[in-house]
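# Descriptive structure summary
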Amino acid sequence: MQPFALNYARPAAELAVATPYVYDSGLQLNVLVDGRIAACDHALLREVGTTTSTAGSKTHFDD
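Per chain, residues are indexed from 1 in the order of the written sequence. Local features are withheld for residues below a pLDDT of 70 in this predicted model, meaning they are given only at 70 or higher, and side-chain atom pairs are given and counted only at 80 or more; totals for whole chains, interfaces and linings count all residues. The basis for every side-chain value is the complete set of heavy atoms in the structure, and neither hydrogens nor water enter the calculation.

If you check an unreviewed UniProt entry, the protein chain appears there as ATP-grasp-modified RiPP from Streptomyces fimbriatus.

As structure tokens, then:
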């Protein structure tokens, strides 16, 4: 017998999104392509809402 929820569950769609920053393991921060720290760019933070990297857990936003 198949659980009821599996009749309606759909896999999450993968979005093709390019982030304007990369993780710098030396600084342990996200940096922009011009070398500035991403968290200091207020326009970027307003646009994307966060600079969470995938270096930590993908299920917690406070890593």
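There's more to say after this.
### A short note on a nonpolar patch on the surface
A cluster of nonpolar residues, L27, L29 and I37, forms a patch on the protein surface that exposes about 230 Å² of accessible area. Here a helix means four or more residues in a row that DSSP labels H or I, a strand means two or more in a row labelled E, and each is numbered from the N terminus. Within the element layout of this structure, L29 appears in strand β2 (residues 29–32). Its relative accessible area of 34% is what places L29 among the partly exposed residues. Surface patches are drawn from residues lacking salt bridges whose relative accessible area is over 30%; two like charges belong together within 9 Å, two nonpolar side chains (Val, Leu, Ile, Met, Phe, Trp, Tyr) within 5 Å. Under the convention used here, a 1.4 Å probe and the Shrake-Rupley method define accessible areas, while residue burial counts only the protein chains that appear. Each salt bridge in this description consists of a side-chain nitrogen of Lys or Arg and a carboxyl oxygen of Asp or Glu lying within 4 Å of one another. Burial classes: relative accessible area under 20% of the type maximum marks a residue as buried, over 50% as exposed, and values in between as partly exposed (1.4 Å probe, protein chains only).

### Some remarks on the confidence of the model for the protein chain
Per-residue confidence from the predictor is reported as pLDDT, a score between 0 and 100. Averaged over every residue, the pLDDT of the protein chain is 76; the share at 70 or more is 70%. The least confident element of the protein chain, judged by mean pLDDT, is helix α1 (residues 42–48) at 84; the most confident is β2 at 90.

### With respect to the side chain of D41
Looking at the element boundaries, D41 is found in the loop between β2 and α1. The class of D41 is buried, set by a relative accessible area of 15%. Think of a polar contact as two N or O atoms within 3.5 Å of one another; within protein, one of them needs to be a possible hydrogen donor and the other a possible acceptor, and neighboring residues in sequence only count if both atoms come from side chains. Of the polar contacts made by the side chain of D41, one reaches the backbone nitrogen of A43; its length is 3.2 Å. Contacts are assigned to residue pairs with any non-hydrogen atoms lying within 4.5 Å of each other. With residues up to four places along the chain from it excluded, the contact list for D41 reads L32 and R36.

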